[in-house]
Amino acid sequence: MASVLVFEGAVIHSTDPEHLEILNNATLVVTDGRITAFSKSSETHDAIPRNAQIYRLPPGDFVIPGFVDTHNHAPQWPMRGLGQGLHILDWLNEITFPVEARFADPAYAAMMYEHTVDDFLRQGITTASYYSSRHAEGTKILADICHKKGQRAFVGKCNMDRNAPDYICEKSASESLRETEDCIQHIRGLPGCADADGALVKPVVTPRFAISCSPELLQGLGDIVKRDSTLAVQTHFNEAQQEIDATTELFPQFNGRESDLYESYGLLTSRSILAHCTIMTDYEKERISSLQCGVAHCPIANMTVGGGFMVAPVRDFLRRGIKVGLGTDSGGGWASQMLAVIRQAMIASNAREVSEGMDKALAFEEAFYLATLGGARVLCLDDRIGNFQVGKEFDAVWVTTTTGLKSAMTPREEGDSLRRLFEKYIMTGDDRNVAHVFVKGRRVAGSR
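Here is what the cut-offs are and how they apply
Each chain has its residues counted from 1, running along the sequence as written. The predicted origin of the model limits local features to residues at a pLDDT of at least 70 and limits the giving and counting of side-chain atom pairs to 80 or more, whereas totals for whole chains, interfaces and linings rest on all residues. Excluded from the side-chain calculation are hydrogens and water; included are all heavy atoms of the structure. The rule is simple: put a 1 Å grid over the protein atoms alone, call a set of points where a 1.4 Å probe fits but cannot get out a cavity, call an open set with protein on both sides within 12 Å along at least five of seven lines a pocket, and count a residue as lining if it has an atom within 4 Å of a point. Grid points are joined across faces, edges and corners, and a volume is the space filled by probe spheres set on the points. Each helix is a run of H or I in the DSSP string that is no shorter than four residues. Each strand is a run of E no shorter than two, and both are numbered from the N terminus. Each residue is assigned to one class: nonpolar for Ala, Val, Leu, Ile, Met, Phe, Trp, Tyr, Cys and Pro, charged for Asp, Glu, Lys and Arg, and polar for all the others, Gly among them. Here a salt bridge means any side-chain nitrogen of Lys or Arg lying within 4 Å of a carboxyl oxygen belonging to Asp or Glu. Buried residues are those whose accessible area, probed at 1.4 Å on protein chains only, stays under 20% of the maximum for their type, while exposed residues exceed 50% and partly exposed ones sit between those limits. Either an automatic procedure or a domain database provided the assignment from which the domain bounds are taken. Whether two residues are in contact is decided by their heavy atoms: any pair within 4.5 Å suffices. Note on terms: buried area is the combined drop in 1.4 Å-probe accessible area of two parts once they are placed together, counting the loss on both. Axis definition: a line fitted to C-alpha atoms, limited for helices to the stretch in contact. Angles are taken between N-to-C directions and run from 0 to 180 degrees. Note that the term roughly parallel is reserved for angles under 35 degrees, roughly antiparallel for angles over 145, roughly perpendicular for angles of 65 to 115, and oblique for everything else. Helix crossings are classified by the rotation of the near helix relative to the far one: an anticlockwise turn of less than a right angle makes the crossing left-handed, while a clockwise turn makes it right-handed. A clockwise path from the first strand over the helix to the second, with the strands pointing away from the viewer, defines a right-handed crossover. A pair of strands is considered paired only if DSSP assigns at least 2 bridges between the two.

A. Layout of empty space enclosed by the protein. The tally for this structure, following the rule as stated, stands at 6 cavities of 30 Å³ or more. Taken together, 14 residues make up the lining of the largest cavity; nearest its centre are Phe-154, Ala-196, Lys-202, Pro-203 and Thr-230. Among the elements that take part in the lining of the largest cavity, strand E10 (residues 201-207) stands out by supplying 3 residues, more than any other. Residues that form the lining of the largest cavity fall into these classes: 8 nonpolar, 1 polar and 5 charged. Of the pockets and cavities examined, the second largest cavity occupies roughly 100 Å³. Lining the second largest cavity are 13 residues, and of these Ile-88, Trp-91, Leu-92, His-236 and Glu-239 sit closest to its centre. At the level of secondary structure, the elements contributing two or more residues to the lining of the second largest cavity comprise strand E6 (67-73) and helix H1 (88-101). Top contributing element to the lining of the second largest cavity by residue count: H1, with 3 residues. Classifying every residue of the lining of the second largest cavity by side-chain character gives 5 nonpolar, 5 polar and 3 charged.

B. Region of interest: the pattern of salt bridges. Summed over all chains, the structure comprises 30 salt bridges. A salt bridge links Asp-282 to Lys-285; the nearest nitrogen and oxygen atoms lie 3.9 Å apart. Taken together, the residues span about one helical turn, with Asp-282 and Lys-285 both in helix H8 (residues 282-290) at a distance of 3 residues. Here Lys-285 falls in the buried class, since its relative accessible area comes to 7%. Of the charged contacts, one joins Glu-365 and Arg-419 as a salt bridge, the two residues approaching to 2.9 Å between their closest N and O atoms. Of this pair, Glu-365 sits in helix H12 (residues 364-371) while Arg-419 sits in helix H14 (residues 418-428), and the two are 54 residues apart along the sequence.

C. Inspection of the domain arrangement of the protein chain at higher detail. Examined at the domain level, the protein chain breaks down into domain 1 (4-65 + 388-445) and domain 2 (67-379). Measuring from the centre of the C-alpha atoms in domain 1 to the corresponding centre in domain 2 gives 29 Å. Contacts between the two partners involve 32 residues from domain 1, matched on the other side by 25 residues from domain 2. Interface area for domain 1 against domain 2, summed over the two sides, is near 2,400 Å², with a carbon-plus-sulfur share of 62%. Broken down residue by residue, the surface that domain 1 buries against domain 2 is led by Pro-17, Ile-426 and Met-427, which jointly contribute 22%. Here domain 1 is connected to domain 2 by 3 salt bridges. When contributions to the side of domain 1 that touches domain 2 are tallied by element, the ones reaching two or more residues are strand E1 (4-16), strand E5 (61-65), strand E15 (396-400), H14, strand E16 (434-439) and strand E17 (442-445).

D. Just the packing of H12 against H14, in detail. Put simply, H12 and H14 touch, their axes get as near as 12 Å, and they point 60° apart. What the angle tells us is that H12 and H14 run oblique. As for the relative orientation of H12 and H14, their crossing is left-handed in sense. Where H12 abuts H14, its residues Phe-364, Glu-365 and Phe-368 lie against Arg-419, Phe-422, Glu-423, Ile-426 and Met-427.

E. Spotlight on the environment of Glu-414. Topologically, Glu-414 is positioned in the loop between E15 and H14. Looking at Glu-414, the relative accessible area reads 85%, which means it is exposed. Taking the C-alpha atoms as reference points, Glu-414 and Ser-270, separated by 144 residues in sequence, lie 47 Å from one another.

F. Main features of unusual backbone geometry. A cis amide bond, omega 5°, links Ser-330 with the succeeding residue Gly-331. Along the chain, Gly-331 falls in the loop between strand E14 (323-326) and helix H11 (338-356). Phi is positive for Asn-238, which is not a glycine, with a value near 45°. Residue classification places Asn-238 among the buried positions, given a relative accessible area of 1%.

G. Highlighting the pairing of strand E11 (residues 232-237). Counting buried positions over the 6 residues of E11 gives 6, a clear majority of the element. Side chains of E11 alternate between two faces, with Ala-232, Gln-234 and His-236 and Val-233, Thr-235 and Phe-237 buried alike. Note that the unit made of E10, helix H5 (residues 215-227) and E11 has a crossover that is right-handed. Judged from the 5 bridges that link them, E11 and strand E12 (residues 272-276) form a sheet pairing that is parallel. Pairing of Gln-234 across the sheet is with Ile-273, part of E12.

H. Fine view of the environment of Gly-266. Mapping Gly-266 onto the fold places it in the loop between helix H7 (258-264) and E12. Expressed as a C-alpha distance, the spacing of Gly-266 and Leu-221, which sit 45 residues apart in the sequence, is 8.2 Å. Not counting the four nearest positions on each side in its chain, Gly-266 is found in contact with Gly-222 and Val-225.

I. Looking closely at the packing of helix H3 (residues 136-149) against helix H4 (residues 173-188). One can describe the packing of H3 onto H4 by two numbers: an axis separation of 10 Å at closest approach and a directional angle of 20°. Comparing the axis directions of H3 and H4 gives the class roughly parallel. Taken as a pair, H3 and H4 cross one another with a handedness that is right-handed. Residues Ala-136, Thr-139, Lys-140, Ala-143 and Asp-144 of H3 pack against Glu-179, Asp-182, Cys-183, His-186 and Ile-187 of H4. Taken together, the residues that form the contact of H3 with H4 break down as 4 nonpolar, 2 polar and 4 charged.

This is the structure:
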């Protein structure tokens, strides 16, 4: 017998970058994890079977789509907040690489990844694109934990065979490629993950960035992608001037154009997730638009680690039709909360408007879109998640607003409209306002 869940009450989601649908009295019917009916009024749907489990949201509560984190370093979760202000390559050598090296120990990886996935789920992040460390065993452990806990995830073994300390650098391109293919097969062997489209956990090819990958490794990874067009790719792209200068020195034939570099190795496709993209020429914007790549905008990391005031031209990306989502970039970004990233995205865009006078700042509606449906588009999952369109899978956060000091949220008061409560939650709420988290209709986390 089918499992049927019915949610009656307030529902909020994005229909496009500029518009929110805010419904005070809606009915969502979820059958075996998929939305089968969405009534935008309080009328009970005729097709609700008798065995349905009905949830009636009390006043002040509402349901939103689960947050989508398009750029996340799972092994950096225990180092969030460290090394703020360092330039990117110094930060990697002084802070990041020593921490990531600890994930060579499977016991440490299992313990820390349990905490990591639990933390992101309790924040309402139902989908995450994870970089693992360069260790194959740890990557498999991360994928297993995401699958067990029910988080929708992309998991990639980080590839890096040069320009890193000996204690963490891979021995050769061939070994890195062999372990990458082994991890891909492991992830696809998880229960229910053989179907590249319907899998909860998916593999993603993950060259850390061109600086840490030899041409042989980049070409081998491109060949893997060429053989399997269902594979996603993730890497860092034009993150900071120090990184761009080092890449130009290593690959002078591309004249500083990272788009040409990655495209030449077959690593730019419609499934490519390019993190940061803070310093972009018109040429590179045109190339990633033409190739239908997605951008993972990480405003917290871009304004605290890397060296300089780096604010990605998100408004220009959107104007050009480039897919854009948000990333926590844990731990370059100090937050595991998507709410913090939404807030910083708005601050960064305001700063860009004031300092450069070119692009209008992001509106509240646009920032929320980037964290949900926009992120789903970047990951090529917008046909499955991102809003509550009938036919999509039910990835959702049940938000409970609070009074007094029950959370950090601006308190709920009598007479608040649903829009007002929503703004209070997004701008001041925390994980205590996340009552329940659902992925494919399964409750996977929550404070209640």
